[in-house]
Amino acid sequence: MKITAAITGVGSYVPDYVLTNQELETLVDTTDEWIVSRTGIKERHILKGENQGTSVMAIKAVEQLLAKTGTRAEEIDLLICATTTPDLVFPATANIISAAIGTTKAFSFDMQAACSGFLYALTTGAQFIQSGTYKKVVVVGADKMSSIIDYTDRSTCIIFGDGAGAVLLEPTTDGLGLLDHELCSDGRGEQHLHQKAGGSRRPPSAETVANREHFVYQEGAAVFKFAVKNMADVAAQVADRNHLSADDIAWLVPHQANKRIIDATAQRVGIGPEKVMLTIQKYGNTTNATIPLCLADYEQQLRKGDNLIFAAFGGGFTWGALYVKWAYDSASRN
């Protein structure tokens, strides 16, 4: 029988500190009304403290995941961390996470595809399950976006927050789990959304720091236009290919970049707002963490056999959609 990769558990973590729109009003020329009307965001969580990197949040999310699923760290075969803000250039943040949780046989690596990274990593992890190579794969999406945000730039500082979410993938032959995917990229989008310095092309220097080139640079209008079309189109493509009508889909699980992009994606698929997972109002855009944070927040409403469409769009440009049939009755676990 065909083996598929099922999500069998979810863990999450967001930092305690909450950055509200009212506080942002004291930092840049903006208002709560302006932010909410354009993005849907009311607040976001920020990781504070020295030597606090993305791995701090990811470790907590994975530890919660293991506790909830009764999984021992030494049982994990593979750990993939989707992140745009790794602790260090090397080693991989996934390696740091693995060491902290005490895995003994897993190999681990990072996946970088901006806001689509979690979908890329989930699909990659699923291949190892479907091939029969591994039995337990952890995929964690985590980002400390506050580390690369210019809090004098109102076009970006209002959008992003910090957080982490993780899922466990395990094999099933019951027709559940990740059943289809469509992943895309277009490198011509680099000019519209990128970080100008910090890599091998423009290594850190006194000049790059003085010029504030280590922060997210975004041309909002161009990104918005491309994201609305492509994220919506790929979600509809995956639904149509699997003969899923709006009535068949229990939940749309969209990347939380902008409420207007989320609404456009839902309309394109024909799904009403009552079937759209929405967390942007309290977390903002946590990049690779947005989709697993949605799953964590809505977990108790998910039922075995529910049809879910995941959709994301990120810098690069990258975008994609997955069809996932939920594998367990979440409410019965508590």
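Residues numbered from 1 in each chain as written. Predicted model: local features only at pLDDT ≥ 70, side-chain atom pairs only at ≥ 80, totals over all residues. Heavy atoms only, no water.

Just checking my understanding: could you explain the overall build of the protein for this structure?
What the protein contains, in helices and strands, is 11 helices and 13 strands. By the compact-globule yardstick of 20 Å for 334 residues, the protein fits well, its C-alpha radius of gyration being 19 Å. Projected onto its principal axes, the C-alpha coordinates of the protein cover approximately 60 × 45 × 40 Å. Within the span of the protein, comprising 334 residues, buried residues form 54% of the whole. Counting only contacts in the protein whose residues sit at least 6 apart along the sequence, the fraction spanning at least 24 positions is 77%. In the form shown here, the protein has an accessible surface area of approximately 13,900 Å², with 51% of it arising from carbon and sulfur atoms. (Helix = DSSP H or I, 4+ residues; strand = E, 2+ residues; numbered from the N terminus. Rg over C-alpha atoms; globule rule 2.2 N^0.38 Å. Buried < 20%, exposed > 50% of the residue type's maximum accessible area, 1.4 Å probe, protein only. Contact = heavy atoms within 4.5 Å. Areas by Shrake-Rupley, 256 points an atom, 1.4 Å probe, with all protein chains shown as cover.)

Hey, could you run me through the side chain of Asn 285 in this one?
Structurally, Asn 285 is set in the loop between helix 10 (280-283) and helix 11 (290-298). On the basis of relative accessibility, which here comes to 3%, the residue Asn 285 falls in the buried class.

Where do I start with the sheet that holds strand 12 (residues 307-314) in this structure?
Backbone hydrogen bonds hold the strands of a sheet together, and the pairing may be parallel or antiparallel. Taking strand neighbours across the sheet as the criterion, the four strands line up as 8-13-12-11 in an open arrangement whose pairing is mixed. Bordering the open sheet on either side are strand 8 (177-185) and strand 11 (251-254), each of which pairs with just one other strand. The mean inter-strand angle of the sheet, taken between neighbouring strand axes irrespective of direction, is 15°. Pairing geometry for strand 11 and strand 12, over four bridges, is parallel. Bridged to Val 253 within strand 12 is Phe 310. Against the sheet, helix 8 (residues 220-241) makes contact with strand 8, strand 11, strand 12 and strand 13 (318-325), and its axis sits at roughly 155° relative to strand 12, the strand it touches most. Running at roughly 140° to strand 11, helix 11 makes contact with strand 11 and strand 12 of the sheet. (Pairing = 2+ DSSP bridges. Axes fitted to C-alpha atoms, helices over the stretch in contact; angles between N-to-C directions.)

Just checking my understanding: could you explain the packing of aromatic side chains for this structure?
For any pair of aromatic rings, geometry is given as the distance between the ring centres together with the angle between the planes. For the coordinates displayed, the defined rule picks out 10 aromatic pairs. Site record: aromatic cluster; members linked through ring pairs are Phe 107, Phe 109, Phe 128 and Tyr 134. Stacked on the ring of Tyr 17, the Lys or Arg Lys 48 has its end atom at 4.7 Å from the ring centre. The ring of Phe 224 carries Arg 260 above its face, with NZ or CZ at 4.7 Å from the centroid. (Phe/Tyr/Trp six-rings, centres within 6.5 Å; stacked < 30°, edge-to-face > 60°. Lys NZ or Arg CZ within 6 Å of the ring centre and 35° of its normal.)

How should I be thinking about the side chain of Thr 208 in this particular structure?
When you line up the elements, Thr 208 lands in helix 7 (residues 206-210). Assessed through its relative accessible area of 1%, Thr 208 is described here as buried. Polar side-chain contacts of Thr 208 include one of 2.7 Å to the side chain of His 214. Apart from residues lying up to four places away in sequence, Thr 208 is in contact with Ala 197, Arg 202, Pro 203, Glu 213 and His 214. (Polar contact = N/O pair within 3.5 Å; in protein donor to acceptor, adjacent residues only side chain to side chain.)

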